[in-house]
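Coordinates in review
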Amino acid sequence: MKYFMINNQYIALKVDSIVRNMHIGGTARGLGSAECLDMIAVGTSVREARQRWFRRLDLAFWAIWAALPVVVWLAYRANTTASASIAASLGPEQAKCATLVANPLEMSRHGQLLFWTLFALQLSFFAVLIGILHRMVHRFARGRIFVSETLQGVWWMGIILVIWPFIDLITSNAVAYALHEIGDIKFFLPSYNVDIGTIAGGVFLMALKFVIEHAILLQSENELTI
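Residues numbered from 1 in each chain as written. Predicted model: local features only at pLDDT ≥ 70, side-chain atom pairs only at ≥ 80, totals over all residues. Heavy atoms only, no water.

**Some points on the pattern of salt bridges**
In this structure the tally under the stated criterion is 1 salt bridge. Put simply, Glu213 and Lys209 hold a salt bridge, and the shortest N to O gap is 3.2 Å. On the criterion of helical spacing, the pair formed by Glu213 and Lys209 is a turn pair, its members being 4 residues apart in helix H5 (residues 196-225). Under the relative-accessibility criterion, Glu213 is labelled partly exposed at 30%. With a relative accessible area of 8%, Lys209 lands in the buried category. (Salt bridge = Lys/Arg side-chain N within 4 Å of Asp/Glu carboxyl O. Helix = DSSP H or I, 4+ residues; strand = E, 2+ residues; numbered from the N terminus. Buried < 20%, exposed > 50% of the residue type's maximum accessible area, 1.4 Å probe, protein only.)

Take a look at the structure:
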């Protein structure tokens, strides 16, 4: 009878120990699940905060597009009043030097066509860059961060930044030479300065596109192996 009672006590102790272990394990699993839920909630809040920031940046780009006519008008005014502004800032004897700066409104019809074509070409360069950036930010605002369209946008920005300094140099010299031949400007001084900084920025973006693309591929391969 005594042996039976000891066994009962032993069995009761084992059952109590198992129950305590099950309770501790359940509590740990509950804590683990709660921690996972907290981590998911934190990740979701961070992602939502980033998307809110990109949505605000998207609105800022729309504001830039709305202000673009004002920028075009200011550039137009700066080109048409440059000679008068220079003459006003100089003395009476030096005011004649301001006539070296051509006023596009006083050019011939062919000269004005060439000048304003170059003006539109230079503005279109900045408009294209702003458009590519806005398109990328618009995708980010919708939660599409690393997609093929975004990488292609980075690639095209790099190409544009690389080739634009050469296009600008060639067209500017060609228009200046044509205006000199027509007689709308008095002197033709060819320029050979290439914007190395813009080219370097384009090369950097093109290299960045390849780095990000390979990083995404490596991450995808690692996730598949796991």
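Still more to cover.
**Quick look at the confidence of the model for the protein chain**
On average, the protein chain scores 78 in pLDDT, and the residues at 70 or more come to 69%. In the model of the protein chain, helix H1 (residues 2-80) stands out as the element of lowest mean pLDDT, 66, in contrast to helix H4 (residues 148-182), which has the highest, 92. Of the regions scoring below 50 in pLDDT, residues 1-15 engages in 0 contacts with residues more than four places distant in sequence or in other chains. (pLDDT = per-residue confidence, 0-100. Contact = heavy atoms within 4.5 Å.)

**Let's talk about the packing of aromatic side chains**
Using the criterion set out here, one finds 10 aromatic pairs in the structure. Put simply, the rings of Trp73, Tyr76, Phe115, Trp116 and Phe119 pair up and form one aromatic cluster. Above the face of the Trp155 ring, Lys209 is positioned so that its terminal group lies 5.5 Å from the ring centre. The ring centre of Phe210 lies 4.9 Å from the NZ or CZ of Lys209, which sits over that ring. (Phe/Tyr/Trp six-rings, centres within 6.5 Å; stacked < 30°, edge-to-face > 60°. Lys NZ or Arg CZ within 6 Å of the ring centre and 35° of its normal.)

**Considerations on helix H3 (residues 109-141)**
Compared with an ideal rise of 1.5 Å per residue, which puts 33 residues at 48 Å, H3 spans 46 Å between its outermost C-alpha atoms and is within 8% of the ideal. Looking one or two residues past H3, Gly143 carries a phi angle of roughly 90 degrees, positive in sign. (Expected span 1.5 Å × (residues − 1).)

**Observations concerning the side chain of Asn103**
Its location among the elements puts Asn103 in the loop between helix H2 (82-89) and H3. On the basis of relative accessible area, Asn103 is assigned to the buried category, the value being 13%. Those residues in contact with Asn103 that sit more than four places away from it in its chain are Thr80 and Ser83.

**Observations regarding the environment of Thr81**
Note on placement: Thr81 falls in the loop between H1 and H2. A residue is classified by how much of its surface remains accessible, and Thr81, at 27% relative accessible area, is partly exposed. Once the C-alpha coordinates of Thr81 and Pro104 are considered, the two residues, 23 residues apart in sequence, prove to be 9.4 Å apart. At 2.5 Å, the side chain of Thr81 and the backbone oxygen of Arg77 are in polar contact. (Polar contact = N/O pair within 3.5 Å; in protein donor to acceptor, adjacent residues only side chain to side chain.)

**Structural notes on the nonpolar core**
Among the nonpolar cores identified, the biggest contains 15 residues, and Phe125, Leu129, Met136 and Met157 are the most heavily contacted of them. For this core, the secondary structure elements donating two or more residues are H1, H3 and H4. Among the elements that line this core, the one with the most residues is H3, at 7 residues. In this view, Phe125 contacts Ile160, Leu161 and Trp164; residues no more than four positions away in its chain are not counted. Met107, Phe115, Leu118 and Leu179 belong to the second-largest nonpolar core, a separate cluster that totals 6 residues. (Core = buried A, V, L, I, M, F, W, Y, C linked by side-chain atoms within 4.5 Å.)

**Considerations on a nonpolar patch on the surface**
Taken together, the side chains of Val70, Trp73 and Leu74 present a nonpolar region at the surface, about 330 Å² in accessible area. By the element assignment, Val70 lies in helix H1. (Patch = residues over 30% accessible without salt bridge, like charges linked within 9 Å, V, L, I, M, F, W, Y side chains within 5 Å. Areas by Shrake-Rupley, 256 points an atom, 1.4 Å probe, with all protein chains shown as cover.)

**Digging into the environment of Gly111**
If you trace the backbone, Gly111 turns up in helix H3. Put simply, Gly111 and Ile185 are 74 residues apart on the chain and 9.3 Å apart in space, counted from C-alpha to C-alpha. When sequence neighbours within four positions are dropped, the list of residues in contact with Gly111 reads Leu179, Ile182 and Asp184.

**Digging into the side chain of His134**
Summarising the element assignment, His134 is placed in helix H3. Within the structure, the side chain of His134 is placed 2.9 Å from the side chain of Trp65, a separation counted as a polar contact. When neighbours within four sequence positions are excluded, His134 is seen to be in contact with Asp58, Phe61, Trp62 and Trp65.

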